[in-house]
Amino acid sequence: MTGWKPVFRRTRQARRLLYCGSLGSVSAQMPKTFFITTAIYYTNSSPHVGHAYEMVLADVIARYHRLKGEKVFFLTGVDQHGQKVQQSAAKAGVPPAEFVKGISQKFVDLAKKLDVQYDDWAETISDRHKKVVRGILQRLFEEGKIYKDKQAGYYSVRQEQFLTDKERGPDGEFGPEWGEIEFREEENYYFRLSQHKDWLLRYLENRADAVVPDFRQTELRNAVEKISGDLCISRPKSRLDWGIELPFDKDFVTYVWFDALTNYISFAGYDPNAGAVATGLRPVSTDRSSESLGTAHRAVATTDFDAQPQEFRNKWPALQVIGKDILVPAHGIYWLIMLHAIGFPDDQMPQLLVHGWWNLGGAKMSKSAGNIIDPFVLAGRYGAEALRFYLMNDITLGRDSEFGEDRLVMHHDIYLANSFGNLLNRTLNMIQKYREGRLAPSIDFRKIVAMHEQGLEAESVEMNGVANLASVAGRQAILYRDNFDLFAANYALHNAIEIAVCGNSLVEVSSPWKLAKDMSDESQCTLDAVLYALAECLRIIAILISPVLPKAAHGIFDQLNWKMELSAKEERFSLADVEWGRLPDGHVVGKPVPLFPRIETSG
Ligand code: MSP
């Protein structure tokens, strides 16, 4: 399999793939929290559409899990240390701490603008985070898993790393992607990465869905085979001081990955001292003075995962949403090995959900390429929901997509305005006009749907259409679940769109305006059945689109005058409610208000 296919029927494989890390080891007493993270965003420049995509994707998956009735913990945030930030701050002429405040706020604003509903916000300059990073580094140092060494070689200033012969191109030169190259000799601290290579290979061998989609797992496996050296985890302060000071050497800060990756556990309640406390060992000091710790490495037991606070164990492991550029080596190698080295068992490894890129002009949208699109501008112009919908609908998870503002407008007009908006508007108009807003099902839907599913014809084309709509809604709701469980939001959206298409075609097939003119019992009864079926399918559509289009879903419920006691609250929607027939006999719907006016004609 090289990507996703929409689910048309349930397969054993689909069920098996349902397993995801967060469901791995559910404690007997407490329902497990579904924990989802995004990467944390560099605060060297403002957010663009690529960042918006990742945030919205994680938000949509989080909302889907809440829709299933699960407790969710959604963590996102910002990566505030490092060379790039230090440089950007210097360029702007402000201290890094002040600089990151401004950019971090833009990411917070973006989340707000796009209705990204996170539960905690990671900021790597916070004390809470620094304490955990230092605790982990100290422990690994005491266990001899971190050591000091001297390195001499070619160094890429742009990528901030030493280069080896592997990085040379076929012509023997380092490619332009590395920017300026200089020869450097430097002492640094190293994490013993390579000694865990066999473990990582075994782990990937034993867990087929450690990385999703599976072609990314293959890519990771191939990269792991090539691990040869250890990981440099420090920078001398003389060169970079915007970072977390090493607890065992005040002349160095930790560099990039030990700082950034640790956020996933530091903001979830992880305690680096928990194992030591449980085994009676001296808790790790995060004292800045290296003297107080002695120079000899002591053999210390790795942190005992089971000794972690309940708050942490109840959430972990997470589903981690990341872009394809930070799978290898950052998350797939460094992160998994770091967790293994601090004592996380295999069944507590996170699952990595790897998305592709939004490109512009065929290249990854990025500040350095100068081809960024501002999500604030788009959300201001078309609305947050139109942008959320486009970002979820015009890309297949795992693959790249070319961003097009014209495509955003097209998706809005075709799906939101023509399918959902039109169906809502005409349905409510007709219910108001022909029935003064009051619904009366008039038939036993279970019977008519059962007949329909056995291939038996109802007595009229109209009633066949009604039965068809009810059975399509039921089927698509099941497939929707399967698609979402495979993280395929675009296919899940299409399940909802299918229902809307079917609803709109029922309007055409049954011509309620003709039925309304015929006062025979049969026509009036058919009209009741048609109007009820249309209202009911809108109720179901609202539930299904709620993870992607929360505001529109509330709009539909408001207009249906449904669950008004939970107005604007997320609990208003539950996947358990997609069962056909929940609108009671005699229910009175509200007045239609255009939900998605067409952009092309209205603009
Ligand atoms: N700070 C690091 C990640 C540390 S995670 C512990 C980083 N930051 S980033 O701001 O450059 O990227 C953050 C996320 O945004 C990554 O997952 C990246 O793939 C994603 N995207 C950045 N540009 C993107 C696109 N053009 N398209 C889709 N996602 C992209 O890397």
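Structure: see above.
What you are looking at is a predicted structure, and each value in this text was computed from that prediction instead of being measured.

Engineer: Outline the site of the ligand, listing residues and values.
Structural biologist: Neighbouring the ligand are 25 residues; I40, E54, D79, G323 and D325 lie closest to it. One nitrogen or oxygen atom from the main chain of I40 is found 2.8 Å from a nitrogen atom belonging to the ligand. In this structure, D325 approaches the ligand through a side-chain N or O atom, which is 2.6 Å from an oxygen atom. Protein contacts shield 96% of the accessible area of the ligand, which totals 660 Å² for the unbound molecule. Looking at the shell around the ligand, the elements with two or more residues in it are β1 (34-42), α2 (49-67), α8 (257-261), α9 (263-266) and β12 (319-323). With four residues, the top contributor of residues to the shell around the ligand is β1. Per-class residue counts for the shell around the ligand are 13 nonpolar, eight polar and four charged.

Engineer: Give a description of the packing of aromatic side chains that names residues and reports values.
Structural biologist: Applying the stated criterion across every chain, the model contains 34 aromatic pairs. Ring centres 5.0 Å apart and planes at 40 degrees place the aromatic pair Y118 and W121 in the tilted group. Ring centres of Y390 and F403 lie 5.4 Å apart, and the angle between their planes is 85 degrees; this geometry places the pair in the edge-to-face category. Linking Y390 in helix α14 (residues 384-393) with F403 in the loop between β16 (401-402) and α15 (405-435), this pair joins segments that are 13 residues apart in sequence. A single burial state applies to Y390 and to F403, both of which are buried. A connected cluster of aromatic rings, assembled from ring pairs, spans F35, F73, Y264, Y270, F305, F312, W316, W335 and F344. A cation over a ring is seen here: K324 above W357, with NZ or CZ 4.3 Å from the ring centre.

Engineer: Kindly report on the packing of α2 against helix α4 (residues 96-113), identifying the contributing residues and their values.
Structural biologist: How two helices pack is summed up by the angle between their axes together with the distance between the axes. At a minimum axis distance of 11 Å, the contact between α2 and α4 shows a crossing angle of 55 degrees. As the angle between them shows, α2 and α4 are arranged oblique. α2 and α4 meet at a crossing whose hand is right-handed. Where α2 abuts α4, its residues H51, A52 and M55 lie against F107, L110 and A111. Residue classes in the contact of α2 with α4 are distributed as five nonpolar, one polar and no charged.

Engineer: Break down the state of the cysteines for me, with residues and values.
Structural biologist: In this structure the tally under the stated criterion is zero disulfides. C502 provides the cysteine sulfur closest to C537, a residue in no disulfide bond, and the two sulfurs are 7.7 Å apart.

Engineer: Describe unusual backbone geometry, listing the residues and the values that go with them.
Structural biologist: Here the bond from V212 into P213 is cis, since omega is 0 degrees, no more than 30 degrees from zero. With respect to the helices, strands and loops of the structure, P213 is situated in the loop between β7 (211-212) and α7 (214-225). Across the junction of V328 and P329, the peptide omega takes the value 0 degrees, indicating a cis bond. With respect to the helices, strands and loops of the structure, P329 is situated in helix α12 (residues 327-341). The backbone of D115 sits at a positive phi, close to 60 degrees, despite the residue not being glycine. Counting through the fold element by element, D115 comes out in the loop between α4 and β3 (120-123). We classify D115 as partly exposed; its relative accessible area is 22%. Even without glycine at this site, F487 takes up a positive phi of about 65 degrees. You can see F487 is positioned in the loop between α17 (461-485) and α18 (489-510).

Engineer: Go over the sheet that holds strand β8 (residues 231-232) with me, naming the residues and quoting the values.
Structural biologist: Within a sheet, adjacent strands bond to each other through the backbone by hydrogen bonds, running parallel or antiparallel. Across the sheet, which stays open at both edges, the four strands sit in the order β5-β4-β6-β8 with antiparallel pairing between neighbours. Both edges of this open sheet fall to β5 (161-162) and β8, since each of them pairs with a single strand only. Pairing analysis gives 11 bridges linking strand β4 (residues 146-156) to strand β6 (residues 181-191), with the strands arranged antiparallel. Pairing of K150 across the sheet is with E187, part of β6.

Engineer: Hey, could you go over helix α21 (residues 550-560) for me, with residue numbers and the actual values?
Structural biologist: Here α21 lies mainly inside the structure; nine of its 11 residues are buried. When we look at burial in α21, the residues that qualify are P550, A552, A553, H554, G555, I556, F557, Q559 and L560. Buried-residue contacts for α21 involve α2, α14, α15 and α20 (521-545). Phi for N561, located one or two positions after α21, is positive at around 60 degrees.

Engineer: So what's going on with the sheet that holds β1? Which residues, and what values?
Structural biologist: Taken together, the six strands give an open sheet; going across it, the order is β3-β2-β1-β12-β13-β7, and neighbouring strands pair in parallel fashion. At either end of the open sheet lies a strand with only one pairing partner, and these are β3 and β7. Where β12 lies against strand β13 (residues 351-355), five bridges are found, and the strand directions are parallel. Bridged to V321 within β13 is L353. Packed onto the sheet, α2 meets β1, β2 (72-79), β3, β12 and β13 and runs at close to 170 degrees relative to β1. Against the sheet, α4 contacts β1, β2 and β3, and its axis sits at roughly 160 degrees relative to β3.

Engineer: Can you tell me about the environment of G474, naming the residues and giving the values?
Structural biologist: Mapping G474 onto the fold places it in helix α17. Spatially, the C-alpha atoms of G474 and E579 are 7.1 Å apart, while their sequence positions differ by 105 residues.

Here is what the cut-offs are and how they apply
Residues numbered from 1 in each chain as written. Predicted model: local features only at pLDDT ≥ 70, side-chain atom pairs only at ≥ 80, totals over all residues. Heavy atoms only, no water. Near = heavy atom within 4 Å. Polar contact = N/O pair within 3.5 Å; in protein donor to acceptor, adjacent residues only side chain to side chain. Areas by Shrake-Rupley, 256 points an atom, 1.4 Å probe, with all protein chains shown as cover. Helix = DSSP H or I, 4+ residues; strand = E, 2+ residues; numbered from the N terminus. Nonpolar A, V, L, I, M, F, W, Y, C, P; charged D, E, K, R; others polar. Phe/Tyr/Trp six-rings, centres within 6.5 Å; stacked < 30°, edge-to-face > 60°. Buried < 20%, exposed > 50% of the residue type's maximum accessible area, 1.4 Å probe, protein only. Lys NZ or Arg CZ within 6 Å of the ring centre and 35° of its normal. Axes fitted to C-alpha atoms, helices over the stretch in contact; angles between N-to-C directions. Parallel < 35°, antiparallel > 145°, perpendicular 65-115°, else oblique. Left-handed = near helix turned anticlockwise from the far one by under 90°. Contact = heavy atoms within 4.5 Å. Disulfide = S-S within 2.5 Å. Pairing = 2+ DSSP bridges.

Function-wise, these values are silent; they only describe arrangement.
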